[in-house]
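The residues making up each chain are set out below.
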Amino acid sequence: MSHRLPDFPSVPALLQEFESDLAQAKSPRDAQTVRDKWLGRKKGEVAKLMDSIAQVPPEEKKKIGRLANELKQALEARWARHLEVTEATARPADAVDVTLPGRVPELGHRHPLTVVRDRMEEIFTRMGFAIVEGPEVEDEWHCFDALNMPADHPARDMQDTLYLATPIRGESGRAEDVRTLLRTHTSSMQIRYMQAHQPPVRIVVPGRVYRRDDLDLTHSPAFSQIEGLAVGEGLSLADLKGTLLAFARQMFSPTVRIRFRPSFFPYTEPSAEIDLSCWQCDGAGCAMCKRTGWIELGGCGMVHPTVFEAVGYDAERYTGFAWGIGIERVAILRHQVEDIRLFYENDLRFLEQFPY
Ligand code: DAH
């Protein structure tokens, strides 16, 4: 008959004790402490039982050894089950914790150049102008010839043109004699629009233009303009000036004044540079207007009769006015930006200063 040593309770009784220890554990950490108390390599109950083998009489050694092994297996099995259950009921890593404070999604915003373009479009739209867009790849006729700049005209050198290697088919269907280029100004759309529509015309054309310029503080080989064109009966220089003044007062400052400085463009006669009184110093002279009291905005003029003839308009009956304004130029003035390159680099430290 085997007899049990009084100091060593049975495996089921010990397992029961382990069970109640586990039940009291409030956290995975507590549970681990319970496990170590029983199954710890050196000080665990099972380890102690093993150690006691050395002190018992030889005939008991086998018995205690078996008891220790049985207990060890039972405890390990129970511990494995405990882990299975706690892992299964644990919150999955990607579960939503509804008690956490809400996270506001980051919203993007328009690029400062887009904001300025939208505002310009809004002002001209309210004055009755329609927004039109056109191709950036142009032919020489629309970009130059029809605008009273024939091939040998010196004005063609005013803008350094980027020509493309691939010709497009002209109206004749022959590809070989149509040189293609990246438009140097949005004025080419004056021609395209007038070819397709009869007066009255009232359009603004926002868009990108390209020139052989190196990128520096004030120049970019690609930038954007807003072209304006109005054609009708009896339109005068006063209408042009009034239109641009109304625009400038809404865009920059309600008290701004306008001045036309005589200039030259082949497609307008007369031609003028648009100057605005500096709205920062009111003409006294400051850094923004380079101490002149005036700020240059762009070019304008009355449409040249030769341009009307190129598109088949009756130059005796119609008059018109036109202008071209750089969008970057307006943005630079509006926001006191010193370097045009900032608009193209997409550096968030810059863009985040215009959160409209
Ligand atoms: N095309 C000119 C430029 O790119 C700007 C311009 C001047 C446009 C006078 C016009 C105009 O329509 O009438 O510098």
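Only a predicted model underlies this, so the values are computations on that prediction, with no experimental measurement involved.

Caption draft 1: Region of interest: the overall build of the protein. For the protein, the helix and strand inventory stands at 12 helices and 10 strands. In the protein, 64% of the contacts between residues at least 6 apart in sequence involve partners at least 24 apart. Accessible surface computed for the protein: about 20700 Å², of which carbon and sulfur atoms make up 52%. Looking at the protein, you have 44 positive and 52 negative side-chain charges, and the mean spots of the two groups are 10 Å apart.

Caption draft 2: Summary view of the pairing of strand 10 (residues 319-326). The element strand 10 is extensively covered by neighbouring structure, given that six of its eight residues are classed as buried. As paired elements, strand 6 (residues 222-232) and strand 10 share eight bridges and run antiparallel to each other. The partner of Ala230 across the bridge, within strand 10, is Phe321. Taken together, the five bridges between strand 9 (residues 294-303) and strand 10 define a ladder with antiparallel strand orientation. Each residue of the ladder has a partner; that of Met302, found in strand 10, is Phe321.

Caption draft 3: Quick look at the domain arrangement of the protein. Taken domain by domain, the protein holds domain 1 (11-88) and domain 2 (112-351). The C-alpha centroid of domain 2 is placed 88 Å from the C-alpha centroid of domain 1.

Caption draft 4: Expanded view of helix 7 (residues 188-196). Among the residues making up helix 7, those that are buried are Ser188, Met189, Gln190, Ile191, Tyr193 and Met194. Residues of helix 7 that are buried make contact with strand 2 (137-139), helix 6 (140-143), strand 5 (201-210), strand 6, helix 9 (305-310) and strand 10.

Caption draft 5: How the structure looks around the sheet that holds strand 1 (residues 130-131). Sheet architecture is open: seven strands sit in the order 1-5-6-10-9-8-7, paired in mixed fashion. At either margin of the open sheet sits one strand with a lone partner, and together these are strand 1 and strand 7 (258-265). Across two bridges, the pairing between strand 1 and strand 5 is parallel. Opposite Ile131, over in strand 5, you have Val204 as the bridge partner. Sheet strands in contact with helix 8 (residues 237-251) are strand 7, strand 8 (268-277), strand 9 and strand 10, and its direction is about 30° off that of strand 10.

Caption draft 6: Unusual backbone geometry, seen in detail. Of note, the amide linkage connecting Pro199 to Pro200 takes the cis form, showing an omega dihedral of 0°. In the segment running from Glu269 into Pro270, the intervening peptide bond is cis, with an omega of 0°. With a phi close to 50°, Lys290 is a non-glycine residue in the positive phi region. Here Lys290 shows up in the loop between strand 8 and strand 9. Exposure remark for Lys290: the relative accessible area of 69% places this residue in the exposed category. Here Asn346, not a glycine, exhibits a phi torsion of approximately 55°, which is positive. Among the secondary structure elements, Asn346 is positioned in the loop between helix 11 (342-345) and helix 12 (348-351).

Caption draft 7: View of the side chain of Asp339. Topologically, Asp339 is positioned in the loop between helix 10 (327-335) and helix 11. For Asp339, a relative accessible area of 16% translates into the label buried. Separated by 3.0 Å, the side chain of Asp339 and the backbone nitrogen of Arg341 make a polar contact. When residues no more than four places from it in sequence are discounted, the contact partners of Asp339 are Asp216 and Leu217.

Caption draft 8: Spotlight on the packing of helix 5 (residues 112-126) against helix 10. For the pair helix 5 and helix 10, the least separation of the axes is 9 Å and the interaxial angle reads 105°. When the axes of helix 5 and helix 10 are compared, the pair comes out roughly perpendicular. In this structure, helix 5 uses Leu113, Val116, Arg117 and Met120 to contact helix 10, whose residues at the interface are Ile327, Glu328, Val330, Ala331 and His335. When the residues that make up the contact of helix 5 with helix 10 are grouped by side-chain class, the tally is six nonpolar, one polar and two charged.

Criteria and thresholds
- Residues numbered from 1 in each chain as written.
- Predicted model: local features only at pLDDT ≥ 70, side-chain atom pairs only at ≥ 80, totals over all residues.
- Heavy atoms only, no water.
- Helix = DSSP H or I, 4+ residues; strand = E, 2+ residues; numbered from the N terminus.
- Contact = heavy atoms within 4.5 Å.
- Areas by Shrake-Rupley, 256 points an atom, 1.4 Å probe, with all protein chains shown as cover.
- Lys, Arg positive; Asp, Glu negative; His and termini not counted.
- Charge placed at Lys NZ, Arg CZ, Asp CG, Glu CD.
- Buried < 20%, exposed > 50% of the residue type's maximum accessible area, 1.4 Å probe, protein only.
- Pairing = 2+ DSSP bridges.
- Domains from an automatic or database assignment.
- Axes fitted to C-alpha atoms, helices over the stretch in contact; angles between N-to-C directions.
- Polar contact = N/O pair within 3.5 Å; in protein donor to acceptor, adjacent residues only side chain to side chain.
- Parallel < 35°, antiparallel > 145°, perpendicular 65-115°, else oblique.
- Nonpolar A, V, L, I, M, F, W, Y, C, P; charged D, E, K, R; others polar.

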